[in-house]
Every structure is written in C-alpha cells, then in structure tokens.
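# Coordinate inspection notes
These are the residues of each chain, in order.
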Amino acid sequence: MNNQAVAERNQEVAEAQDVGVLARPRVDVMETENEVMLLADLPGVKSGDVDVRFENGELTIHGRRFASNANKKRALTEYEPTHYHRSFRLTEDIAADRIEAELKAGVLTVRLPKAEAAKPRKIAVKG
Amino acid sequence: MFINPKVFNTLWREMEGFRHEFDRALGRNGQSYGAATPALNVWEDDAAFHLETDLPGVAADSVDVTVTEGNRVTVTGERKAAEPANAVWHRQERFAGTFTRELALPAPVDADKVEARFEHGVLKLTLPKSEAAKPRKIAIKAE
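Residues numbered from 1 in each chain as written. Chains lettered and ligands numbered in written order. Predicted model: local features only at pLDDT ≥ 70, side-chain atom pairs only at ≥ 80, totals over all residues.

This next bit is on the overall build of chain A. The secondary structure content of chain A amounts to one helix and nine strands. Across chain A, helices and strands are ordered from the amino to the carboxyl terminus as α-β-β-β-β-β-β-β-β-β. Summarising the internal contacts of chain A: among those between residues at least 6 apart in sequence, 60% fall at separations of at least 24. (Helix = DSSP H or I, 4+ residues; strand = E, 2+ residues; numbered from the N terminus. Contact = placed C-beta atoms within 7 Å.)

Given below as structure tokens:
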C-alpha cells in the first residue's frame, strides 16, 4: 500500500470510529439472596467510555470501543470500533441508589442490591 | 486437480473477507469465532507487527504466548468462570475454559524481542520483524 492508500484507509477507520458496529456484549447474570449481579464482557472499553443506567426497572449498558493503531496499516481485521449495547428488565425490586458498577480488565461488573422489601424473610412461627 | 496456490490464496482471502462482511452485517463483530478462539486484529508498520486479541477478564498469568517457526504466534490460556457463593444463575453467556488462537504472520519476527501487555481486557503484542524481513531502501548509484 502506498502512502495515499494508507491515508485513505485511515480516513475510513476514523469514520468507522465515529459510527462503529453495534454489538451485544455477552453477559452472566446471577442472583443471591441480597443482590443481582451482572458481568458483561466489554473488551477494549475504558472506564470513562461506559455508561450504566437504571431507569424504571430497566438496566442499560452502553460502552464504546474506539479504534486503535489508527496510524498503522491494517493486516487482519476481525473486529471493529464498537458500540456495545444491551438492556435488561429486572423483575426484582432493586435499591437503585445502591447500585455499583466497576470496569476491570474489560469486564463490567454491576451489583444491584435488592430493596429491603424484596429480600426473602424467614417468618418465625409462634406456637 | 491442480490449483495454483496464488489463486487459491486470493480466493481464500476473498472468502474470509466475505465472511467478515457477513458477520459485521449481522452485528456479530467477530464473536462468531466463539471465545475459545478469540478474535484478532493485526496491524503492521515497517518495524513490527502489532497484534491485539480480546481476552476480557483473563489474568495475565494464565496466558501463554509463543512464537515458533519464526512467524507462527500462538496465544493460549484459560478463563475461569465466576463462582459466587449461593447464587442462582439466570444467564451464562460468557465463555469459560481454555482458549487458543494461532496465526502465521506474513514475515518472520524476532521472538526474543516480542513484548506483551494487557490493556482493558485486550492482549497487545508487539512483534518486531526480524532484520531480514524489514524493508530496506536501496540507494541507487548515479552514473
């Protein structure tokens, strides 16, 4: 590839970076007595580029992966700049003000504590 | 039947390209490979190949990178499943287990100088080309 071709290709990459493909991240969802826990694979996403929202019982995850090595020639491309997007409706009653999210090594962990009213309660039987 | 290897390679590349286009159109974004064979991107400049592969949640000490025959790069390792105590699983889509991916680079690399690092769940390798494979500018003598 000559320099002009590389420059054109890089322009395409820059445009793709703006657009990006849409991908559904793979998730694990687990539930314990006290919380619902969600893990999502978001490889290549920095913590500043992920948005986690909880609204009307719906959890939405949106992460952006930008192009890397824009100044180099592409030799093999199996993934593109990406918008990771997925949302979930939670049937459990969640304490929205105590939701915690952490992005570490490309894995987003969201912990959704159950509202007190939704926790299982053992009822003492008198008699 | 005799197939000219050059023609075969071209055809193969076109087939691969078509498959990637198809995957992209479906929004699978390389995931059709499954995490047992993680997706790769490779860039090239005069000095080196720059390889990146998605290994989210994989610990650095559970990955092995090897270079054999001068140009074959192999990335192997394992990702452990999350094991929270007393939890009920609702969905399990994330890959757990061993993975391996191998790639033959188009030119030999200097295996002693390969550098590897993790960034945001992406393994990034810099594989310097061997001296013989680097482009060389030939000075033309004036008459």
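Before going further, it helps to spend a moment on the overall build of chain B. The secondary structure content of chain B amounts to one helix and eight strands. In sequence order, chain B lays out its α and β elements as α-β-β-β-β-β-β-β-β. Taking all 143 residues of chain B together, 23% fall into the buried category. Of the contacts made within chain B by residues no fewer than 6 positions apart, 52% connect residues no fewer than 24 positions apart. (Buried ≥ 20, exposed ≤ 12 C-beta atoms within 10 Å, placed from the backbone.)

Of note, A:A105 is a non-glycine position whose phi angle comes to about 50°, a positive value. Here A:A105 shows up in the loop between β8 (100–104) and β9 (107–113). With 16 C-beta atoms packed within 10 Å, A:A105 lands in the partly exposed category. Phi at B:H120 is positive, roughly 50°, even though this residue is not glycine. Here B:H120 lies in the loop between β7 (115–119) and β8 (122–128). Residue B:H120 is classed as buried on the basis of its C-beta count, with 20 C-beta atoms lying within 10 Å.

Here we come to the interface of chain B and chain A. Interface extent is often summarised as the accessible area lost during association of the parts. Facing 33 residues of chain B, the contacting portion of chain A comprises 34 residues. Where the side of chain B that touches chain A is concerned, the elements lending two or more residues are α1 (5–25), β1 (40–44), β2 (48–54) and β5 (88–92) of chain B. Taken together, the residues of the side of chain B that touches chain A break down into 13 nonpolar, twelve polar and eight charged. (Nonpolar A, V, L, I, M, F, W, Y, C, P; charged D, E, K, R; others polar.)

Turning our attention to the sheet that holds strand β1 (residues 21–23) of chain A. Residue and element names in this part refer to chain A. Strand order in the open sheet made by the four strands is β1-β7-β5-β4, with mixed pairing throughout. With one partner strand each, in any of the chains shown, β1 and β4 (50–55) form the two edges of the open sheet. With strand direction ignored, the average angle separating the axes of adjacent strands in the sheet is 15°. The sheet contact formed by strand β5 (residues 58–65) and strand β7 (residues 82–89) spans eight bridges and is antiparallel. The residue of β7 that forms the bridge with E58 is R89. (Pairing = 2+ DSSP bridges. Axes fitted to C-alpha atoms, helices over the stretch in contact; angles between N-to-C directions.)

Residue and element names in this part refer to chain B. For chain B, the average pLDDT comes to 83, and 80% of its residues sit at 70 or higher. Averaged pLDDT values for the elements of chain B fall to 66 in α1 and rise to 95 in β8. Between residues 27–33, whose pLDDT stays under 50, and residues either more than four places distant or in other chains, the model counts 18 contacts. The complex prediction reports pTM at 0.74, with the ipTM value standing at 0.75. (pLDDT = per-residue confidence, 0-100.)

The next subject is the sheet that holds β1(B). Note on sheets: strands pair through backbone hydrogen bonds, and any given pair is parallel or antiparallel. As summarised here, the arrangement of the five strands in space is β6(A)-β1(B)-β2(B)-β8(B)-β7(B), forming an open sheet in which the pairing is antiparallel. The open sheet is flanked by β6 (73–77) of chain A together with β7 of chain B, the only strands paired with a single partner. Direction aside, the axes of adjacent strands within the sheet are offset by 20° on average. Two strands pair when backbone bridges link them, and β6(A) and β1(B) are joined in this way by four bridges, in the antiparallel orientation. When the bridges of β1(B) are listed, A:K73 appears paired with B:E44.

Residue and element names in this part refer to chain B. The pairing of strand β3 (residues 63–68) with strand β4 (residues 72–79) spans six bridges and is antiparallel. Looking at β4, one finds that V63 is bridged to G77. Count of turn residues in the β3/β4 antiparallel hairpin: three residues, of which E69 carries a positive phi of about 50°. In this structure, β4 lies alongside strand β6 (residues 97–104), joined through eight bridges in antiparallel fashion. When the bridges of β6 are listed, V75 appears paired with R101.

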